[in-house]
Amino acid sequence: MAQLESNKPLNLRIIGLGLIIFIAFTSFIDLSPGNPQVTYTAAIAIIMALWWVTEAIPIGVTALLPVLLFPAFGIMNGKAVSTVYINYIIFLFLGGFMMAIALEKWNLHKRMALAILMSVGGSPFRILLGFMLASAFLSMWMSNTATAMMMLPIAFSVLNSLEEEHGKEDMNRFSIGILLSIAYACSIGGIATLVGTPPNLAFVRIFEITFPNATEISFGQWLIFALPLAIGMFFITLVYLAFLFIPKKPIKKLNRSFFKEKYKALGPLTYEQKVLSALFILLILLWIFRKNINIGATVIPGWSQLLNYPKFINDGTIAIFIALLLFIIPSKENKGEGLITWNVSYKIPWHIILLFGGGFALAKGFLDSGLSAHIGAQLQSAGNFSDLGLIATITTVMSFLTEFTSNTATTEMMLPIISAMATQIGTHPILLMVPLTLAASMAFMFPIATPPNAIVFGSGKIKMKDMIFTGFFLNMLAIILITLTTYYWLPIAFDMDLSIFPEWAKEAVLNHSK
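Since we're looking at a predicted model, the values are computed, not measured.

Thresholds applied
Residues numbered from 1 in each chain as written. Predicted model: local features only at pLDDT ≥ 70, side-chain atom pairs only at ≥ 80, totals over all residues. Heavy atoms only, no water. Helix = DSSP H or I, 4+ residues; strand = E, 2+ residues; numbered from the N terminus. Buried < 20%, exposed > 50% of the residue type's maximum accessible area, 1.4 Å probe, protein only. Contact = heavy atoms within 4.5 Å. Axes fitted to C-alpha atoms, helices over the stretch in contact; angles between N-to-C directions. Parallel < 35°, antiparallel > 145°, perpendicular 65-115°, else oblique. Left-handed = near helix turned anticlockwise from the far one by under 90°. Nonpolar A, V, L, I, M, F, W, Y, C, P; charged D, E, K, R; others polar. Polar contact = N/O pair within 3.5 Å; in protein donor to acceptor, adjacent residues only side chain to side chain. Phe/Tyr/Trp six-rings, centres within 6.5 Å; stacked < 30°, edge-to-face > 60°. Lys NZ or Arg CZ within 6 Å of the ring centre and 35° of its normal.

K.L.:
Help me get a handle on the side chain of T408, residues and values and all.
P.N.:
Examined against the element boundaries, T408 turns out to sit in helix α19 (residues 407-425). Classification of T408 as buried rests on a relative accessible area of 2%. Among all residues touching T408, those that are not within four sequence positions of it are P198, P199, L355 and F356.

Structure follows, in structure tokens:
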């Protein structure tokens, strides 16, 4: 899920540079004669991209620029741009994040992680598998930053025991492998669910803004598509890390009692943990089976069809329903309180919520101003590529771009451009927007690429060359897997014929060309 933002000082030089570029662009460049809003929107996008990438000011503050600049430059009405910031995707994120906070508050996430390690751990390979399983599973539902932070002390405890048994030098390489496995598994697990990483949620909403008549992409539909990709990437990464970092000479297995002792130290399962476990499972089931799931000729009926108004229910509705139960169901340990209290609001990453809103506003501005159509026209040459070539190219560019930039902000900047290109060249938009979204989370080379990478690198046990060498190969593997999964599995999972340019895309082109 979302990453937490650290407090960074203002970068006055970049702030000034952005303002100079913005003024120069709006004063001396005319992208579309007779339609100055195209130029103004492009200038706003450029200054937002610059400030987002460099974090010259907090990213949540940059995300508010459309609220001021869109009305000022006649791109969108102030009321219209304001309403774009709040929608069901925001409530899906909020509800999911409150569940993650509850898991963390009652220590259920640590119990889950130790249960996995206890059942899997033993040999070096099994230990590696256990850490990756725990990290990937938890990152499907909660912040990958929090997951990495929680897994790190457990990893150090395991590694210290192994070093005492076999010596620090012999365990040095294995230590690197364990730490990298945690960071990489956090990223891999996040792509499997809509709430697992912010770019996934950004895609769903920007897709809906751009193509309002398209069929909704539900939580269950995304899971069916992305989970096989995550599993494939998981096992390839596991085997690759095992080959690189597991000691060649036989070493004594770590006794399972090691994890059992840590699990027992948590005490018996509490009332709060039991209730929270039930709510967590209920949330997952309600998300997955809300809508009918079509896989080829097989149809799994959705529970929302039992209601009088099934179309009125969305994934955000479910998230808020469970979140309300978290506030309402009383805690036995804290008398007079629910499982969570309003104090959780201090832990909610409001900067990510504003970042979502800014990206949604930018996408709407691209459409309303005509900038999307203008960009699409400039990218007509992309029509010479095959669909497979386009997917591979977009995935490659995005994968390496997000090694240096915020994956959420970059996704929100790139999705309107890619959707415009797709409609201009007559390619099914989902065929290009989905791999771009997935590639945003597959950054393995540099510490700055993702918070989990930065966290494990900060342990002092990993050298930059280790992360770059290991991560480059995984980046390439991710590009290949995303490309093949999108091309061959996505049409089946989404029950769409991606070789045909859909009617809802044609309608969107007509509406925004008027």
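After that view, the rundown keeps rolling.
K.L.:
Summarise the packing of helix α6 (residues 88-105) against helix α11 (residues 198-210); cite the residues concerned and give the values.
P.N.:
Orientation of α6 relative to α11, taken along the N-to-C sense of each, is 165 degrees, at an axis distance of 10 Å. With respect to α11, the axis of α6 lies roughly antiparallel. Relative to α11, the crossing made by α6 is right-handed. Here Y88, I89, L92 and F93 of α6 come into contact with α11, specifically with L201, V204, R205 and E208. The class makeup of the residues in the contact of α6 with α11 is 6 nonpolar, no polar and 2 charged.

K.L.:
Quick rundown of the side chain of S135? Include the residues and the values.
P.N.:
When you line up the elements, S135 lands in helix α8 (residues 124-139). Given a relative accessible area of 0%, S135 falls into the buried group. Among the polar contacts listed, one links the side chain of S135 to the backbone oxygen of F131, at a separation of 2.8 Å. In this structure, S135 is in contact with T147, M151, I182, A185 and C186, ignoring residues within four places of it in sequence.

K.L.:
Which residues make up the packing of aromatic side chains, and what values do they have?
P.N.:
Counted under the stated rule, the structure contains 24 aromatic pairs. On the basis of an interplanar angle of 20 degrees and a centroid distance of 6.1 Å, the ring pair of W141 and F219 is categorised as stacked. Taken together, the residues span a long stretch of sequence, with W141 in the loop between α8 and α9 (144-166) and F219 in helix α12 (residues 219-245) at a distance of 78 residues. The exposure classification of W141 matches that of F219, with both residues buried. Aromatic pair F211 and W504: ring centres 5.2 Å apart, planes at 65 degrees, arrangement edge-to-face. Remark: W504 occurs in helix α23 (residues 503-513) and F211 occurs in the loop between α11 and α12; sequence separation between them is 293 residues. Exposure remark for F211: the relative accessible area of 1% places this residue in the buried category. Among the aromatic residues, ring-to-ring pairing joins F203, F207, F211, W222, F225, F494 and W504 into one connected group. Positioned above the aromatic ring of Y263 is the side chain of R111, whose terminal nitrogen or guanidinium carbon lies 5.1 Å from the ring centre.

That's the geometry; what it means functionally is another story.
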